[in-house]
Amino acid sequence: MNYFCYFTHSVFPSKAGSPLSLSCDSPSSVSPTYFGPLRGPPTSGTLSSPIAPSSGSQIIYNHYGQGDAQNGPATTAGYMQRPPVSQPYMSTTSQPVNQLPAHQQYGPPATTSSQQLTNQMSGLQITGPPTTTGPLPPGQGFGPPASHPSSSGNFHATTMAYAPYSTANVPQSQFSTANASHPPYSNANASHIPHSNLSQGPPPSGMPQTPAATMGSQGISSTKTAFSGPPPQLYSVPPSGSHSTPPASTGIPPSAFPSSVGSQRPSVMQGPPLPGQTLSGPQVSQPNHVPPSSSQMGISGMSPGPPISGLQGPPAVAPTQQGFPPQQNGSFGQVRGPQPNYSGPYPATPNYGSPVAPPPAPPPQKRLDPDSIPSPQLNEMSSQPKSRHRIDPDAIPSPIQVIEDDRANRSTEPFSTGVRGQVPPLVTTNFVVKDQGNASPRFMRCTAYNMPCTSDMAKQSQVPLAAVIKPLAVLPPEEMPPYILDHGESGPVRCNRCKAYMCPFMQFIEGGRRFQCSFCCCVTEVPPHYFQHLDHTGKRVDYYERPELSMGSYEFLATVDYCKNNKLPEPPAFIFMIDVSYNAVKSGLVNLLCEELKTLLDYLPREGSMEETAIRVGFVTYNKVLHFYNVKSTLAQPQMMVVSDVADMFVPLLDGFLVNVNESRTVINSLLEQIPEMFADTRETETVFGPVIQAGMEALKAAECAGKLFIFHSSLPIAEAPGKLKNRDDRKLINTDKEKTLFQPQCNFYSNLAKECVTQGCCVDLFLFPNQYIDVATLGYIPYHTGGSVYKYTYFQVPADGERFLNDLRRDVQKIVGFDSVMRVRTSTGFRATDFFGTFYMSNTTDVELAGLDCDKTITVEFKHDDKLSEDTGAFIQCALLYTSCSGQRRLRIHNLSLNCCTQLADLYRNCETDTLINFLAKFAFRGVLNNATKTVRDTLISQCAQILACYRKNCASPSSAGQLILPECMKLLPVYLNCLLKSDVLQPGADTTTDDRAYLRQLVTSMDVAETNVFFYPRLVPVHKMDVDSDTVPGAIRDSEERLSKGGMYLLENGLNLFLWIGVNVQQSLLQSIFNLPSFNQIDPNMSALPLLDNPWSKKLRDVIDAFRAQRPRYMKLLIIKQEDKLELLFKHFLVEDKHVNGGASYVDFLCHMHKEIRQLLS
Ligand SMILES: [Zn+2]
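What you are looking at is a predicted structure, and each value in this text was computed from that prediction instead of being measured.

So, how was this worked out
- Residues numbered from 1 in each chain as written.
- Predicted model: local features only at pLDDT ≥ 70, side-chain atom pairs only at ≥ 80, totals over all residues.
- Heavy atoms only, no water.
- Helix = DSSP H or I, 4+ residues; strand = E, 2+ residues; numbered from the N terminus.
- Buried < 20%, exposed > 50% of the residue type's maximum accessible area, 1.4 Å probe, protein only.
- Contact = heavy atoms within 4.5 Å.
- Pairing = 2+ DSSP bridges.
- Donors = N, O, S within 2.8 Å, 3.2 Å for Na, K, Ca; no water.
- Tetrahedral: all angles 85-135°; square planar, octahedral: opposite > 155°, others 65-115°.
- Axes fitted to C-alpha atoms, helices over the stretch in contact; angles between N-to-C directions.
- Salt bridge = Lys/Arg side-chain N within 4 Å of Asp/Glu carboxyl O.
- pLDDT = per-residue confidence, 0-100.
- Parallel < 35°, antiparallel > 145°, perpendicular 65-115°, else oblique.
- Left-handed = near helix turned anticlockwise from the far one by under 90°.
- Core = buried A, V, L, I, M, F, W, Y, C linked by side-chain atoms within 4.5 Å.
- Disulfide = S-S within 2.5 Å.
- Nonpolar A, V, L, I, M, F, W, Y, C, P; charged D, E, K, R; others polar.
- Phe/Tyr/Trp six-rings, centres within 6.5 Å; stacked < 30°, edge-to-face > 60°.
- Lys NZ or Arg CZ within 6 Å of the ring centre and 35° of its normal.

Any chance you could break down the overall build of the chain for me, citing the residues and the numbers?
The secondary structure content of the chain amounts to 27 helices and 34 strands. The burial tally for the chain puts 65% of its 1164 residues in the buried class. Summarising the internal contacts of the chain: among those between residues at least 6 apart in sequence, 79% fall at separations of at least 24.

Encoded structure:
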């Protein structure tokens, strides 16, 4: 609760023994040694990494060609056949591509906007230390409370409804309601199925003795059709318009501040005073509410504040009470502390300035004077441990302020991608993208938009150069999905040498007869059919009619040369594989799942105007043995075939296993009726797992198609079978050198099987329902390497988790997914992709192989120099994804991005994206734990970030007192976010964090996009009591600290996986009545799983906000009610990431002090 900064050395690994010197002349002194331990060979992300040392010569399993021709042939040969569904699907226009309705859409970047941006960028100044103390315009900086209520980050609730997947069309509540009208899951079948069926029981497991299949005599009949009727429109999934409500970019009023005062200044921070030193700063009467006054920004932080006599209590001058100091940054009331009797959304007018009127002259800002505070020295700190000083948490960089400033400045204008090297708005800002020649940031985001020209510069800065790529991202409805181009039999035009695809970066020469590749500089003849004249500027006259010449992202239809075995692919298949052992049945899972599938099968992914899905389905149940089902449409009843020889798995039937849903609907429904009954009385507790995946993969192989396995699994597979596992969980390994083994699979079986799956295009999605250790690290291995997902529902019970599971399942089944994919990232000369992070497989160093790739998955790519880059030409990236669509169409999706290059480090630091940087660092660290002790990984992160910041300080900031912490403006949040990463359960587990949780999170984060990692590491905390029920906005978020919570308030916190409603003990009674229909705090039942549906504006508004939050995230977030001072509150506090963690994770303030110390060591 108290924000004092102690120098808690013990919290941090000390590097006192080997202070690094950072010098321009000796970059080697800072680079490889520190980053070394985690760096693997470029292929270390491949299957072989954890268990088999990756050798350069891995088993090559050819996947329709490797090497440069990977994405297709060099020449255009071969007769091209089109699948029946091959017409370009112009989701948002009905006209063919070559008759684009509005050429203006492809028009050149508007000169005004680009000029504007250029001006803005050229106006950037890295300023030195705070030599001036003149007042800033209100709102400048992040210290004091925002003084511009109207732009405080309120955003329309409608924008929240934009979700990156197809289910966004369906309000969750609507869907739930629909289901609620069905009989309860637990007895739905029982009430409809003739009792005689129960006698069938599970098949005897020992029935078949040979590898021959046995026909089960399942002449079960059922006429239940409750779910088989035409589905309601709930699931309707148009391929393009998969977002419900357009982000309302106008929701944020223009900033009241001059745009030039935004975020371009470096942050200057006072160094922390030494323990034991008398702080000389003057007392500040209102530490939390002093307008910033230094043009150096007010990281007035680290301010000495008044001397504090010890730990007890808040500083005398602070207007705080009982640990609930003033709200700020997005909160507009409560500036003076808690107001238990909060009485409205905006109870108080801010008393510290306004959007229009400048604040009164600020008090003298002595506390900004760098020289007034002696800097800490290591030896002194240790010798005087008792001394403490206070750092004003309002004066250190605030994530909320940065988010709000970006929203205010960048959400009003569309982001046009026509300008090279533009840094896009933050992921937390709602903005519209106009593709004018570079890929949208929704597809590709970079850590740096200004690449250092030389590798020396790159090493010196230690800024990772990486792109986070989400190739199949779903765009909001007001943005055009990539056009699909059909270049006929010849296929897309490519560079002869490097095979880069035709793109806006290619230069046409010789009157248009040839083009020069921007990636390898090779000159290629333009094929006659593609020839076009150039205009006086050298542009082809058809420039605006061809997306591949004028847009950053587009698709080509692939010819047979891009297909496996030179054969157009079959449509993919989905196989549902259901654990029917005792635990799965008893928890209600089997019943719930079978009931749901009857409806869900109507919503398999479709494309364009397809009336029905092309995807075929199949069903398997299993415990110690596997049961295959023949659901051929001509059968009266499904037939079961049992395979008990799990050691040598095979598929006992081909015809009738994978079927068209509509044709076989009656048989499938009958099967789904019967499965829960057949196994209702099972006593089999053991399961197999490896053979299940083998079976699914073999079935796809036999059908010669790619596809996805949906496996629903409940326990550690201990039954005798390939891939059998033992319980090897051992918490004693935490913080030892052997901790890494907890993240590695426990046997080789799964890595070999993963390779086979990838070859077959068999993606595995795994839904886990464990009651104890299930070894996620091993079971998740194949999903991880096949582009699949893992979902985990510990202690699953239908009433508590049914809704979450069903929502996840619906989204997972419906979302857009590509199969049998290969992704290749090409770069212009001077740098190249060297490392890849994500859920995929690599059998060489360049091709990312994805058995499946859905719209939520990202691949993070790191780049390294192999030569010099040129400021003039810039740097180009082209990501080409070859995949089979849901309809069975083979396509190439191309994303192009051009970056600037710089010879000045300052330019690098001015054009970085910290959210993307954290995404990269998280993935890098989470892979690092596979091969290193977590402490080593944490130390490496700290060291690298300290070097990044030290390099800035040394080379870009003006000389200044060593006592100052000076942060680059674009990276001022690096310390706070880094601290969140360091405190994450993967890198620093708490006592209640299970090994499975850690393995699960490790894998999950690996495929997250930047928006997801952003909220995952720094959760969004919203004051519910400040909602304006008359508008569709939600109040601005506040910082993740207990200090920001008011006892009289109610708050929502979400991180993309968890959702909490925290209720203060003094919560206003009318609010309680409106939300819970309860008269008192004590009567709130913390176990309630959903808010009551009350007919009043507050209840509706809160539920709308919750729905909107859920719609924004790929996974359904279950709501947990947290009452203040209740025992569950500890769980909630885990997510207040600016606070000191019970596990020992440092508070933000402490960590900032520590980073400063690290930086000083590097500079000394
Ligand atoms: Zn080339």
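Following the structure, the description resumes.
Outline the pairing of strand β24 (residues 831-837), listing residues and values.
Of all 7 residues in β24, 6 are buried, a share of seventy percent or more. As judged from the 6 bridges shared by β24 and strand β26 (residues 859-865), these two strands associate in the antiparallel manner. Across the sheet, the residue bridging to Phe836 is Val861, located in β26.

Outline the coordination of the zinc ion, supporting the account with residue identities and numerical values.
Summarising the metal site, the zinc ion is bound by the protein donors Cys495 (SG), Cys498 (SG), Cys517 (SG) and Cys520 (SG), whose distances to it range over 2.2 to 2.3 Å. For the zinc ion, the 4 donor atoms are set out with angles of 99 to 116° between them, so the coordination reads as tetrahedral. Taken in sequence order, the residues that donate to the zinc ion follow the motif C-x2-C-x18-C-x2-C. With Cys498 in the loop between β11 (484-485) and β12 (507-509) and Cys517 in the loop between β13 (514-516) and β14 (523-525), the pair connects residues that are 19 residues apart, well separated along the chain.

Got a sec to walk through the sheet that holds strand β8 (residues 444-446)? Specific residues and values, please.
Judged by pairing direction, the sheet is antiparallel, and its 4 strands sit side by side in the order β8-β10-β26-β24 without closing on themselves. If you trace the sheet from one side to the other, it starts and ends with β8 and β24, each paired once. Ignoring which end each strand starts from, the neighbouring axes of this sheet average 25° apart. As paired elements, β8 and strand β10 (residues 466-469) share 3 bridges and run antiparallel to each other. Bridge pairing in β10 links Arg445 to Val468. In this fold helix α19 (residues 914-928) packs onto β8, β10, β24 and β26, with an angle of close to 60° to the strand it touches most, β24.

Please provide a residue-by-residue account of the pattern of salt bridges, values included.
Using the criterion set out here, one finds 43 salt bridges in the structure. Between Asp765 and Lys708 there is a salt bridge, with the nearest N and O atoms lying 2.9 Å from each other. With a gap of 57 residues between them, Asp765 in strand β21 (residues 762-768) and Lys708 in strand β20 (residues 707-713) connect regions that are remote in the sequence. A salt bridge links Asp866 to Arg832, with the nearest nitrogen and oxygen atoms 3.4 Å apart. In this pair, Asp866 is assigned in the loop between β26 and β27 (875-884) and Arg832 in strand β24, connecting sequence segments 34 residues apart. Taking the relative accessible area as the measure of exposure, Asp866 reaches 45% and is therefore partly exposed. Ionic contacts of the salt-bridge type, sharing partners, join the residues Asp812, Lys815, Asp854, Asp856 and Lys857 into one network.

Please give an account of unusual backbone geometry that cites residues and values.
Positive phi, normally seen in glycine, also occurs at Gln462, with a value near 65°. On the secondary structure map, Gln462 appears in the loop between α8 (455-461) and β10. A positive phi angle, near 70°, is found at Glu1125, a position not held by glycine. Among the secondary structure elements, Glu1125 is positioned in the loop between β34 (1119-1123) and α26 (1129-1133).

An account of the confidence of the model for the chain is needed here, citing residue identities and associated values.
Summing up the model confidence of the chain, the mean pLDDT is 75 and the portion of residues at 70 or higher is 66%. Throughout residues 1-388 the model reports pLDDT below 50, and contacts reaching past four residues in sequence, or to other chains, amount to 885 contacts.

Account for the packing of α19 against helix α20 (residues 934-955), with residues named and values stated.
Where α19 contacts α20, the two axes come as close as 9 Å, and the packing angle between them is 150°. If you check the angle between α19 and α20, you find them roughly antiparallel. Note on packing geometry: the crossing formed by α19 with α20 is right-handed. Contacts between α19 and α20 involve Leu921, Ala925 and Gly928 from the first element and Val937, Leu941, Gln944 and Cys945 from the second.

Could you give me a rundown of the sheet that holds strand β33 (residues 1059-1063), with the residues and numbers involved?
Overall, mixed pairing links the 4 strands, which are arranged β30-β32-β33-β34 in an open sheet. Strands with a single pairing partner mark the edges of an open sheet, and in this sheet they are β30 (1020-1023) and β34. Sheet twist, expressed as the average angle between the axes of neighbouring strands with direction ignored, equals 20°. Sheet topology places strand β32 (residues 1050-1054) next to β33; 5 bridges connect them, and they run antiparallel. Paired with Tyr1051 across the two strands is Trp1062, which belongs to β33. Here helix α25 (residues 1097-1112) sits on the sheet and contacts β30, β32, β33 and β34; the angle it forms with β32, its principal contact strand, is near 10°.

Describe the nonpolar core, naming the residues involved and giving the relevant values.
Residues Phe628, Leu1061 and Phe1076 are the most contacted members of the largest nonpolar core, which totals 181 residues. For this core, the leading source of residues is α20, giving 10 residues. Of all hydrophobic cores here, the second largest spans 50 residues; its members include Leu593, Leu601, Met640 and Ala851.

Explain the state of the cysteines residue by residue, including any values.
Scanning the model with the defined rule gives 0 disulfides in all. With no disulfide of its own, Cys503 lies 7.3 Å from the sulfur of Cys517, the closest cysteine sulfur.

Can you break down the packing of helix α11 (residues 589-600) against helix α17 (residues 798-814) residue by residue, with the values?
A pair of packed helices can be characterised by two numbers: the angle between their axes and the separation between those axes. Contact geometry of α11 with α17 gives a least axis separation of 11 Å together with a crossing angle of 35°. In this structure, the crossing between α11 and α17 has a hand that is right-handed. Counting all contacts with α11, which are made through Leu589, Leu592, Leu593, Glu596 and Leu600, the residues of α17 involved are Val798, Gly802, Phe805, Leu806, Leu809, Arg810, Val813 and Gln814. A class-by-class count of the residues in the contact of α11 with α17 yields 9 nonpolar, 2 polar and 2 charged.

Go over the packing of aromatic side chains, please, and point to the residues and values.
Applying the stated criterion to the full structure yields 37 aromatic pairs. Here the aromatic rings of Phe415 and Phe431 are separated by 6.2 Å at their centres, their planes lie at 85°, and the arrangement is edge-to-face. Taken as a pair, Phe415 in strand β6 (residues 415-416) and Phe431 in the loop between β6 and β7 (433-434) lie far apart in primary sequence, 16 residues in all. Phe431 carries the same exposure label as Phe415, and that label is buried. When the ring of Phe574 is compared with that of Phe710, the centres are 4.9 Å apart and the planes differ by 65°; the resulting orientation is edge-to-face. Here Phe574 is found in strand β16 (residues 573-579), whereas its partner Phe710 is found in strand β20, with 136 residues between them in sequence. Residue classification places Phe574 among the buried residues on the basis of a relative accessible area of 0%. Feature note: the residues Phe712, Phe767, Phe769, Tyr791, Tyr793, Phe796 and Phe805 constitute an aromatic cluster, connected by ring pairs. The ring centre of Tyr530 lies 4.3 Å from the NZ or CZ of Arg540, which sits over that ring.

Mind laying out the environment of Leu1130, listing which residues take part and the relevant values?
Mapped onto the elements of the fold, Leu1130 is located in helix α26. Overall, Leu1130 belongs to the exposed group, its relative accessible area being 55%. Leu1130 sits 12 residues away from Val1142 along the chain, and the two C-alpha atoms are 8.9 Å apart.

Requested: an account of the pairing of strand β28 (residues 890-902), with residues and values cited.
A regular strand carries its side chains on alternate faces of the sheet. Counting buried residues in β28 gives 13 out of 13 residues, a clear majority hidden from the surface. Summarising the sheet, strand β9 (residues 450-452) and β28 pair through 3 bridges and their orientation is parallel. If you follow Asn450 over to β28, its bridge partner there is Asn900. Pairing geometry for strand β15 (residues 553-557) and β28, over 5 bridges, is antiparallel. What sits directly across from Glu555, in β28, is Arg893. In the sheet, β27 pairs with β28 via 10 bridges, with the strands oriented antiparallel. From the neighbouring strand, Gln878 faces β28, where its bridge partner is Asn896. Where β27 folds back on β28, the antiparallel hairpin that results is connected by 5 residues, among which Gly888 adopts a positive phi of roughly 90°.

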